[in-house]
Amino acid sequence: MGKKIKKEVEPPPKDVFDPLTIESKKAATVVLMLNSPEEEILAKACEAIYKFALKGEENKATLLELGAVEPLTKLLTHEDKIVRRNAMMIFGILASNSDVKKLLRELEVMNSVIAQLAPEEEVIIHEFASLCLANMSIEYSGKVQIFEHGGLEPLIRLLSSPDPDVKKNSIECIYNLVQDFQCRTTLHELNPIPPMLELLKSEYPIIQLLALKTLGVITCDKESRTMLKDNQGLDQLSKILETKELNDLHVEALAVIANCLEDMDTMALLQQTGGLRKLLSFAENSTIPDIQKNAAKAITKAAYDPENRKVFHEQEVEKCLVTLLGSDSDGTKIAASQAISAMSENSSSKDFFNTQGIPQIVQLLKSDNEEVREAAALALANLTTNSTANANAAAEADAIDPLINILSSKRDGAIANAATVLTNMAIQEPLRTVIQSHEVMNALQGPLHSTNTVVQSTAALTVAATACDVEARNQLRMCGGLEPLVELLNSKNDEVRRHASWAVMVCASDELTAVELCRLGALDILEDINLSVSRKNKFSEAAYNKLLNNNLSLKYSQTGYLSSSNIISDGFYDYGRINPGTKLLPLKELCLQELNDQRAILLVNSKSDISPPPSMEDKSSDVGYGRSISSSSSLRRASKEKSTAGFGSPTEEKSEPTSGRNTVLSRGAAKEKGSRKGKGKKEEEKVKEEEEVMAMPKMTESSPDKEWFPPLDPEFCVYVFEVTKSILPIVNIKDQIEALAKYVADKMGGRIPKEKLSDFSWELHISELKFQLKSNVVPIGYIKKGIFYHRALLFKALADKIGVGCCLVRGEYSRAWNEVKLLNEARKGITGSLPPPEEFIVDLMFHPGALLKLRSKEADLYRFL
């Protein structure tokens, strides 16, 4: 045998690296391996990182800090399937970290991730790619990127995947995406309903639940509801409700049905198949609060349609809702109250709840839960709107006290609803009285100060409804409610401004409240509103006129018109025409002004019971200011005596000086007397007149410690007494007007022919009066030579005293006239409908007592000559 020769082993090539097995215990080392060009190393590194990331959130944050995300994104497009798969698995896990999601959006990897959803990719890649997208879709910016890169279509395709994890991740991502309206709009084109309905048959509850939630969102759109109905989706939903084992899906199934009930076609289909009755029975008999709540919500949504309300009423939905009001769950009570609120738009349903619903709702007003009280108040607000029977039923159930308590609630909705109920109830006077007795005006202070426009609007409307009585207005004024009400007039909200104007109009019905409103600036605000085309409304105009009717001096100055219902009272003064926006000074300030050369301010004042100033008591000790006047002569005598105690009155030519009192003569009267006396006597009279003028108290004198009274007008007191005695008893109204016109003309200088109108020196007479009185304010009774506007004012003032209806109209160039209405004499006593009364202008100048037809040539000449 030959000797065996040992075969020599060939050494490896010199340019080949010997294999090296490394065991790494540091994540940082493995992250460095992600940059290796070797596929095996990349695959193993990704596998190790995947296992590391699965262990918790801290590890995901560590990988982010080590910079693992950037190299991993490059591996998503690697040629090797295993490397690509492992990298995708890592991103599926890492994407749940918010910082990782933010970095992924910045690196714009969405296109690479969506590419992994291609049909040719492995199921496991589909699983983790869809998981990554599901995590990314939680945030809005992630949704936008997925939608913009066309991720919706492959996700819907994956709903038919055989792998349940892929289905679950895909439907979860779609659920997140459809929260955005734009995604829902695009979804309709992709026919998503059939695969979603298939998911309802899944053996995995989480997939069924996500599918129902997604359907609940997309069926908010009519197109999706139609698609669901066409694919027999309602049948599947009904089967879920009928299956007790699927009770964990009942709440979401009801939410989908609630959306579908908004369509009349779906409602009719359910009614025909008996599904609607089953639904109501299911809601009524269920013991699960969330199911009852969602059933009530379904009814609420559907009941916004009038036809649906009719169908519900036919199915006796009211009984079901009343039952739900008695639930132990506050959520169910709220939902049932909201459903009743929606159903109350149906008149038959509203009548049903009168006896079988309102008492239960009133009890909910006393709940400790603010949301329950708000929902109950909403239901009651709708039930009592345009229903006096329900308003009475609410009052009988003792709703007023809890409603007023809700006005101090912290929830604006509850306050607004309670205020609405109180407004609806206050329409009836008996209920309004009860509401007022509960100090509602005090309770409304908080709502009137609210910053919520709905609360402001309803509170102002409640004021308008409850402040119809003097006592209620006094209460509002005393508790400081007028100030916030006036502030609401400045609101930029149209409804708030309108309701505040309405409330001001109601409150301005009595003088005290109207004066206070004017003091707070309501008149100025309303005037400003009415000058704006966009801000004014009918109520702002009515409120302004109502306030003016309680301030006739301002009304006449601004509008130049007083109607027959505007009764001139003591203290009225005619300042003359003022422009809109110009402030009219009060009478006291005008009286205290220095004498000027402007138009005299005419004052109407028939009061005669004010004690004279102490400085003049020695001159008027024989005058009884507080006693009544029993005869014309005693009144005239008293007026003459008061003229010395007051501020001097020009005397008539026929009156003779009486010893013990001063008589003030106008310059014209003194001149006329002087013509009948000698020169010495004339000088004596002149000296005497000057002494009397110097001795006359000035109207501008006032002590700050004493109460101020408007200047007295004893002559006007005489006028009132005389017309009351001689003209008031006249039966025929036309005769009354003629007699009064002649009386006024006689007191103002008599008849003035047209051709001598320019010679009538009334300006000098008025100037003398202003000088003698040392005031710009001249009482109307002192004027003995009056032109058109003097006579018209005197006629109106005296006519109002004896109940003769007439208007006062201001014209141009010192013109003013009175308009009266008279029934056609030829038609008196004739039965049947009468023509409207004829309108006349009363001639007080050219032919005193003549009545000129309003639209005649003579009337035009009188007004505009």
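Higher on the page you've got the structure.
Presented here is an overview of the structure given in this document.

Rules behind the numbers
- Within each chain, residues carry numbers counting from 1 in the order of the written sequence.
- At least 70 in pLDDT is required for a residue's local features to be given in this predicted model, at least 80 for side-chain atom pairs to be given and counted, and no such filter applies to totals for whole chains, interfaces and linings, which use all residues.
- Based on all heavy atoms of the structure, the side-chain values leave hydrogens and waters out of the count.
- Here a strand pair is declared whenever DSSP counts at least two bridges between the two strands.
- Runs of E in the DSSP output that reach at least two residues are strands. Runs of H or I that reach at least four are helices, and both are numbered from the N terminus.
- Contacts are assigned to residue pairs that have any heavy atoms within 4.5 Å of one another.
- Only the contacting stretch of a helix is used when fitting its axis, a line to C-alpha atoms as for every element, and angles between N-to-C directions run 0 to 180 degrees.
- For salt bridges, the criterion is a side-chain nitrogen of Lys or Arg within 4 Å of an Asp or Glu carboxyl oxygen.
- Only protein chains enter the area calculation, which uses a 1.4 Å probe; residues under 20% of their type maximum are buried, those over 50% are exposed, and those in between are partly exposed.
- Note on terminology: a nonpolar core comprises buried Ala, Val, Leu, Ile, Met, Phe, Trp, Tyr and Cys residues joined through side-chain atoms within 4.5 Å.
- The definitions used throughout rest on a 1 Å grid laid over the protein atoms alone, on which a cavity is an enclosed set of points accommodating a 1.4 Å probe that cannot get out and a pocket is an open set flanked by protein within 12 Å on both sides along at least five of seven lines; lining residues are those having an atom within 4 Å of a point.
- Grid points are joined across faces, edges and corners, and a volume is the space filled by probe spheres set on the points.
- Residues are sorted three ways: Asp, Glu, Lys and Arg are charged, Ala, Val, Leu, Ile, Met, Phe, Trp, Tyr, Cys and Pro are nonpolar, and all the rest, Gly among them, are polar.
- Multiplying 1.5 Å by the helix residue count minus one yields the expected span of that helix.
- Directions drawn from the helix axis to the C-beta atoms are what define this arc.
- Whenever a nitrogen or oxygen atom comes within 3.5 Å of another N or O atom, the pair is scored as a polar contact, on the condition that within protein one atom can donate a hydrogen and the other can accept it, and that pairs from neighbouring residues in sequence are kept only if both atoms are in side chains.

**A few points about the sheet that holds strand β6 (residues 816–822)**
Next up, step 1: Strand order in the open sheet formed by five strands is β1-β5-β6-β7-β8, with antiparallel pairing between adjacent strands. The sheet is open, and its two borders are formed by β1 (561–562) and β8 (851–853), each paired with just one other strand.
Next up, step 2: On the sheet, helix α46 (residues 733–747) packs against β6, β7 (838–842) and β8 and is oriented at approximately 165 degrees with respect to β6.
Next up, step 3: Along the sheet, helix α48 (residues 788–802) makes contact with β1, β5 (807–810), β6 and β7, crossing β6 at roughly 40 degrees.

**A short note on the sheet that holds strand β4 (residues 777–779)**
Next up, step 1: An order of β2-β3-β4 is seen for the three strands of this open sheet, with the pairing classed as mixed. Both edges of this open sheet fall to β2 (572–574) and β4, since each of them pairs with a single strand only. Within the sheet, the average angular offset between the axes of one strand and its neighbour, ignoring direction, is 30 degrees.
Next up, step 2: As judged from the three bridges shared by strand β3 (residues 601–604) and β4, these two strands associate in the parallel manner. Among the inter-strand pairings, Ile 601 is bridged to a residue of β4, identified as Val 777.
Next up, step 3: Contacting β2 and β3, α48 runs over the sheet at an angle of about 15 degrees to β3.

**Here we look at the pattern of salt bridges**
Next up, step 1: Overall, the coordinates contain 29 salt bridges when judged by the stated rule.
Next up, step 2: Of the charged contacts in the structure, one is a salt bridge between Arg 535 and Asp 528, with a shortest N-O distance of 3.2 Å.
Next up, step 3: The class for Arg 535 is partly exposed, based on a relative accessible area of 24%.
Next up, step 4: Connected through shared salt-bridge partners, Asp 574, Arg 599 and Arg 810 make up one network.

**Details of the nonpolar core**
Next up, step 1: In terms of nonpolar packing, the biggest core is built from 194 residues, with Leu 72 and Leu 261 touching the most fellow members.
Next up, step 2: Leaving out residues up to four positions away in the same chain, Leu 72 has contacts with Leu 34, Cys 46, Ala 87, Ile 90, Phe 91 and Leu 94.

**Things to note about the pairing of β3**
Next up, step 1: Here β3 shows a buried face lined by Ile 601 and Leu 603 and a second buried face lined by Leu 602 and Val 604.
Next up, step 2: By the bridge criterion, three bridges tie β2 to β3 in an arrangement that is antiparallel. Residue Tyr 573 lies in a different strand from β3, and its bridge partner there is Leu 603.

**Considering the layout of surface pockets**
Next up, step 1: Each pocket or cavity is described by its volume, and for the largest pocket that value is around 1100 Å³.
Next up, step 2: Of all elements in the fold, only α37 (511–519), α38 (522–530), α39 (538–549), α40 (552–559), β2 and α41 (587–592) reach the threshold of two or more residues within the lining of the largest pocket.
Next up, step 3: Ranked by residue count, the leading element in the lining of the largest pocket is α37, at five residues.
Next up, step 4: Looking at the lining of the largest pocket residue by residue, the class counts come to 17 nonpolar, 13 polar and nine charged.

**Some words on unusual backbone geometry**
Next up, step 1: Unusually for a residue other than glycine, Glu 316 sits at a positive phi of about 55 degrees.
Next up, step 2: With respect to the element layout, Glu 316 can be found in the loop between α21 (306–314) and α22 (317–325).
Next up, step 3: One non-glycine residue, Tyr 813, adopts positive backbone phi at about 55 degrees.
Next up, step 4: Along the chain, the position of Tyr 813 falls in the loop between β5 and β6.

**Quick notes on α39**
An α-helical segment advances 3.6 residues per turn. Residues three or four places apart therefore align on the same side.
Next up, step 1: Compared with the 16 Å implied by 1.5 Å per residue over 12 residues, the 16 Å span of α39 between its first and last C-alpha is a close match.
Next up, step 2: Listed as buried for α39 are Ser 540, Ala 543, Tyr 544, Leu 547 and Leu 548. The buried side chains of α39 occupy one side of the element, clustering within an arc of 135 degrees when seen end-on.
Next up, step 3: Contact partners of the buried residues in α39: α36 (494–507), α37, α38 and α40.
Next up, step 4: The N-cap residue of α39 is Asn 537: its side-chain oxygen and the backbone nitrogen of Phe 539 are 2.9 Å apart.

Remember, this is a structural readout, not a statement about activity or role.
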